Amino acid sequence: MANESTFVKNAGAWKRATAIHVKDAGVWKPVKGIWTNDGGLWKKVYFKSFRFNFTYNTAVANLSMSTLATYMGWNGIDPVVGNVVLDADVNSAYTGVAALTCSGLPAGSAINLTVNAGRTVGGRGGQGGNGVAGINGEAGGLAMYVRNTLNVTNNGTIAGGGGGGGVGGDYIDWDLNLFIGGSGGGGGRGGGTGGGGINNAGYTPGGPGNNGSFAGAGAGGAGVSVARGGEEGGPITWHTGGNGGNGGGWGQPGSAGSTASNGGGGPGMGGSPGWAVDGNSFVTWLTPGSRFGHLGN
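Predicted model, so just to flag it, every value in this text is computed and none were measured. (Residues numbered from 1 in each chain as written. Predicted model: local features only at pLDDT ≥ 70, side-chain atom pairs only at ≥ 80, totals over all residues. Heavy atoms only, no water.)

A. Main features of the overall build of the chain. Helix and strand counts for the chain come out as one helix and 25 strands. Here the C-alpha atoms of the chain give a radius of gyration of 27 Å, more than 25% beyond the 19 Å that 2.2 N^0.38 yields for 297 residues. Expressed as lengths along the three principal axes of its C-alpha atoms, the size of the chain is roughly 105 × 35 × 30 Å. The burial tally for the chain puts 44% of its 297 residues in the buried class. (Helix = DSSP H or I, 4+ residues; strand = E, 2+ residues; numbered from the N terminus. Rg over C-alpha atoms; globule rule 2.2 N^0.38 Å. Buried < 20%, exposed > 50% of the residue type's maximum accessible area, 1.4 Å probe, protein only.)

Below, the structure written as structure tokens:
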């Protein structure tokens, strides 16, 4: 930013200017901006801003740069220049809210973000399909929503949440009067919840899908099998509901559920992956690092 290069000499030492004032009619007033004429062109070399440095050492959910600036003492008016270091993971509690948001700051603001090695800014994983035949996995959530200038040094990972897996198909056989619910889809990476198996009235319920976590996606629930036959030494046959689809990894879609052993009801589709960044045009990638998911807008 412009005022990064504005210095004053104080007791023989050059120091960066952060709050320049001018005396106007006997009253000291803060200077909002200073320009110099360089080769016939006026260039801004200083503007009044709120500056802060902050390092996260413990995991945080739904991190907001404007909320952080307010916590650090920002007056809500001046442009903000912040240096933020992530030495911990940043996650989201909801698929509809980005793990990290950089928006709502005044024009001229800039955040310098460093993601340390081994750390991840990850969107919420989508929930696995559940409850009603054909239910799809939920879409994964967004990692970063950006509408202010953001300069990123990414030595770690920035990733959209994985999509949830689709629910398995039902086993439906009216001749045998046998109905088996499809099993639930797995949750997407980023903390997606596994879907419950289908449990309609008169059904043998399907099994639940497994939850996703920050470390990995959840597997879909295994199809539930029911035996028929075996009377008087006759053959035993097994009838199985559909497996739930697996949740997707970082920035990956969930898998569709599988059909039941007799075709039965249709399974659900996997959820779409979350984006890595919504607002990529506001981002300068000083170090791209590992990025999973779409970089949009």
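Don't stop here, the text continues.
B. A look at the environment of G251. With respect to the helices, strands and loops of the structure, G251 is situated in the loop between β21 (236-240) and β22 (277-278). On a C-alpha basis, the gap between G251 and A143 in space is 9.5 Å, while along the polypeptide they are 108 residues apart. Contacts of G251, omitting those with residues within four sequence positions, involve G160, G161, G162, P273, G274, F292 and G293. (Contact = heavy atoms within 4.5 Å.)

C. Layout of the side chain of T157. Locating T157 in the fold gives a position in strand β17 (residues 157-159). Filtering out sequence-adjacent residues up to four positions away, T157 remains in contact with V115, R119, T120, V121, S290 and F292.

D. Seen up close, the environment of G274. Relative to the helices and strands, G274 is located in the loop between β21 and β22. In this structure the C-alpha to C-alpha distance between G274 and G126, which are 148 residues apart in sequence, comes to 8.5 Å. The contact partners of G274, leaving out residues within four places of it in the chain, are G140, G141, G160, G161, G251, G293 and H294.

This is a description of form; function is not addressed.
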